[in-house]
Amino acid sequence: MLRLDPAWLRRGGQLWTHCTRGFSSSVPPQPVPPLEQTLSRYLRALEPHLPPSEWQQARAELQEFSRQGGAGEGLQRSLERRAQRMHNWVSEWWQQSNYLESRLPLAVHSNPAVALPQQDYSDWRGQLLFAAKLIAGVLDFKAKIDSHALLVEYMRGRPLCMEQYSQVFSSCRVPGPKHDHVLLYNRIRRPPTHITVVRNFQFFQLEVYNSDGSPLTVGQIHSQLQRIRAQSWKTDKEPMGILTSQHRNTWGQAYNRLLRDRINRDSVRAIERALFGVCLDAPVMRVSEGRYSSRMAAQVLHGGGTYSNSGNRWFDKTLQVGLSITRALANHRPRLTDTH
């Protein structure tokens, strides 16, 4: 039976007039475009990809589809009824069909990633200090979300829905036989108060709030990260996190096997419930300046492979940050309402 290492740590300017409180309700509902507009745009999209004869055939079929009393009218009425019952009639379908039903591996195929600006540190001491500051900063950002104090974002003068931010923390994708689903632990009565820290393929649970509910200081977090480093010297651990980079059906089978064991099940649940993940990566082999960008892109997208840092990842987590000796990286899963 495969086992996750159970070595958990158990403790230790002008102001805008709107904030995020209740602002989603004032964002206009997602409209249902008229049937004629939808079909017209669909035909234009088909034209570059079909020979003229096939395009004419598609056009004739759409005319039959859109005739009075035809299937198109009935489906359009169904969409309009759905739009009356919900604020965004398309987001659930988009999430299901574009993400959760896909069986392709998450790394590269689905998970977006970004390289943060280069930081001024070059050894493990700087890595841990920057990690402590980053964790404290993320907790401060989370506090703004929880208190509805984030300023609303605008596009072309119109407010955007800020609901997605409430789904960034303590959320995780879970593999299923035909489609995946997303767990949101931040809405339960006693939401999680820990993050996961990974080093040398070993996952640690780090509580980041004091008993009075206040977040740990940078100094307290730094002290805990030093303890984690001291307890994770061994480099012979199995890279369990790399299982989450597999084809979703393959990972789903391994996931179910892991859950049969109590220690594995508790470990997996701790990872899934965590606010977010922090990966303290091993140094990447130095390469020429010309190959640096390619090597860094691999670290950002998937951790560089089995013999690099991919075992430090849990690709199902909505948010995880990888910190190498020379760079900060962020890899995240599309959020539940992410519609790109």
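Residues numbered from 1 in each chain as written. Predicted model: local features only at pLDDT ≥ 70, side-chain atom pairs only at ≥ 80, totals over all residues. Heavy atoms only, no water.

Undergrad: Can you tell me about the confidence of the model for the protein, naming the residues and giving the values?
TA: Confidence along the protein averages 86 in pLDDT terms, with 87% of residues attaining 70 or more. Counted against residues more than four places away or in other chains, residues 1–19, with its pLDDT under 50, gives 61 contacts. With pLDDT under 50 throughout, residues 335–340 is counted as low confidence; its partners more than four residues away or in other chains account for 18 contacts. (pLDDT = per-residue confidence, 0-100. Contact = heavy atoms within 4.5 Å.)

Undergrad: Any chance you could break down unusual backbone geometry for me, citing the residues and the numbers?
TA: Positioned with a positive phi, Val108 is a non-glycine residue whose angle comes to about 75°. Summarising the element assignment, Val108 is placed in the loop between helix 4 (91–100) and strand 1 (113–115). Under the relative-accessibility criterion, Val108 is labelled partly exposed at 48%. (Helix = DSSP H or I, 4+ residues; strand = E, 2+ residues; numbered from the N terminus. Buried < 20%, exposed > 50% of the residue type's maximum accessible area, 1.4 Å probe, protein only.)

Undergrad: So what's going on with the pairing of strand 7 (residues 202–207)? Residues and values would help.
TA: Where burial is concerned, most of strand 7 is hidden: six out of the six residues are buried. Of the two faces of strand 7, the one lined by Gln202, Phe204 and Leu206 and the one lined by Phe203, Gln205 and Glu207 are each fully buried. What sits between strand 6 (residues 194–199) and strand 7 in their antiparallel hairpin is a turn of two residues, with Asn200 showing a positive phi close to 50°. (Pairing = 2+ DSSP bridges.)

Undergrad: Give me the lowdown on the packing of helix 7 (residues 248–259) against helix 8 (residues 262–273), citing residues and values where you can.
TA: Contact geometry of helix 7 with helix 8 gives a least axis separation of 7 Å together with a crossing angle of 120°. Relative to helix 8, the element helix 7 is oriented oblique. On the side of helix 7, the interface is formed by Tyr255, Leu258 and Leu259, while helix 8 contributes Asn264, Arg265, Val268, Arg269 and Glu272. In terms of residue class, the contact of helix 7 with helix 8 is built from four nonpolar, one polar and three charged. (Axes fitted to C-alpha atoms, helices over the stretch in contact; angles between N-to-C directions. Parallel < 35°, antiparallel > 145°, perpendicular 65-115°, else oblique. Nonpolar A, V, L, I, M, F, W, Y, C, P; charged D, E, K, R; others polar.)

Undergrad: Break down the packing of aromatic side chains for me, with residues and values.
TA: With the rule as written, the count across this model stands at six aromatic pairs. Between Phe141 and Tyr165 the ring centres are 5.8 Å apart and the planes differ by 70°, which places this aromatic pair in the edge-to-face class. Taken as a pair, Phe141 in helix 5 (residues 124–146) and Tyr165 in the loop between strand 3 (158–159) and strand 4 (171–174) lie far apart in primary sequence, 24 residues in all. On the accessibility criterion, Tyr165 (21% relative accessible area) is partly exposed. Ring plane angle 85° and centroid distance 5.6 Å describe the contact between Trp251 and Trp314, whose orientation is recorded as edge-to-face. Of the two residues, Trp251 sits in helix 7 while Trp314 sits in the loop between helix 9 (289–302) and strand 9 (319–323), which places them 63 residues apart along the sequence. We note that Trp251, like Trp314, is buried. In this structure an aromatic cluster arises from ring pairing among Phe203, Trp251, Tyr255 and Trp314. For Arg82, the ring lying beneath its charged end belongs to Trp93, and the centroid distance is 3.8 Å. The positively charged end of Arg199 is found above the aromatic ring belonging to Trp233, 5.0 Å away from the centroid. (Phe/Tyr/Trp six-rings, centres within 6.5 Å; stacked < 30°, edge-to-face > 60°. Lys NZ or Arg CZ within 6 Å of the ring centre and 35° of its normal.)

Undergrad: Run through the nonpolar core, naming residues and quoting values.
TA: Counting 33 residues, the largest nonpolar core has Ile135, Ile195, Leu225, Phe276 and Leu323 as its most contacted members. When contributions to this core are tallied by element, the ones reaching two or more residues are helix 5, strand 6, strand 7, helix 6 (218–230), strand 8 (277–280) and strand 9. Residues within four places of Ile195 in sequence aside, it is in contact with Ile135, Phe204, Gln205, Leu206, Val208, Ala274, Leu275, Phe276 and Val278. Membership of the second largest hydrophobic core comes to 13 residues, among which are Met240, Ala254, Ile271 and Trp314. (Core = buried A, V, L, I, M, F, W, Y, C linked by side-chain atoms within 4.5 Å.)

Undergrad: How would you summarise helix 8 if you had to cite specific residues and measurements?
TA: Helix length check: helix 8, at twelve residues, gives a terminal C-alpha distance of 16 Å against a target of 16 Å (1.5 Å per residue), a fit within 8%. Residues of helix 8 that are buried sit in contact with strand 4, strand 5 (181–184), strand 6, strand 7 and helix 7. The N-cap residue of helix 8 is Asp261: its side-chain oxygen and the backbone nitrogen of Ile263 are 3.1 Å apart. (Expected span 1.5 Å × (residues − 1). Polar contact = N/O pair within 3.5 Å; in protein donor to acceptor, adjacent residues only side chain to side chain.)

Undergrad: Tell me about the environment of Leu259, and name the residues and values.
TA: Considering the arrangement of structural elements, one finds Leu259 in helix 7. Overall, Leu259 belongs to the buried group, its relative accessible area being 15%. Along the backbone, Leu259 and Arg269 are ten residues apart, and their C-alpha atoms lie at a distance of 9.2 Å. Ignoring any residue separated from it by four or fewer positions in sequence, one finds Leu259 in contact with Arg265, Val268 and Arg269.

Undergrad: Describe the pattern of salt bridges, and please don't skip the residues or the numbers.
TA: Taken as a whole and judged by the stated rule, the model has 14 salt bridges. Where Asp123 meets Arg125, a salt bridge forms, and the shortest distance between an N and an O atom there is 4.0 Å. Classification of Asp123 by relative accessible area gives partly exposed; the value is 31%. For the salt bridge of Glu272 with Arg269, the shortest nitrogen-to-oxygen distance reads 3.0 Å. (Salt bridge = Lys/Arg side-chain N within 4 Å of Asp/Glu carboxyl O.)

Undergrad: Mind laying out the packing of helix 5 against helix 6, listing which residues take part and the relevant values?
TA: Put simply, helix 5 and helix 6 touch, their axes get as near as 8 Å, and they point 130° apart. By the angle class used here, helix 5 and helix 6 are oblique. Here the hand of the crossing between helix 5 and helix 6 comes out right-handed. Residues Trp124, Leu128, Leu129, Ala131, Ala132, Lys133, Ile135 and Ala136 of helix 5 form the contact with helix 6, whose own contacting residues are Val218, Ile221, His222, Leu225, Gln226 and Arg229. Of the residues assigned to the contact of helix 5 with helix 6, the class counts are ten nonpolar, two polar and two charged. (Left-handed = near helix turned anticlockwise from the far one by under 90°.)

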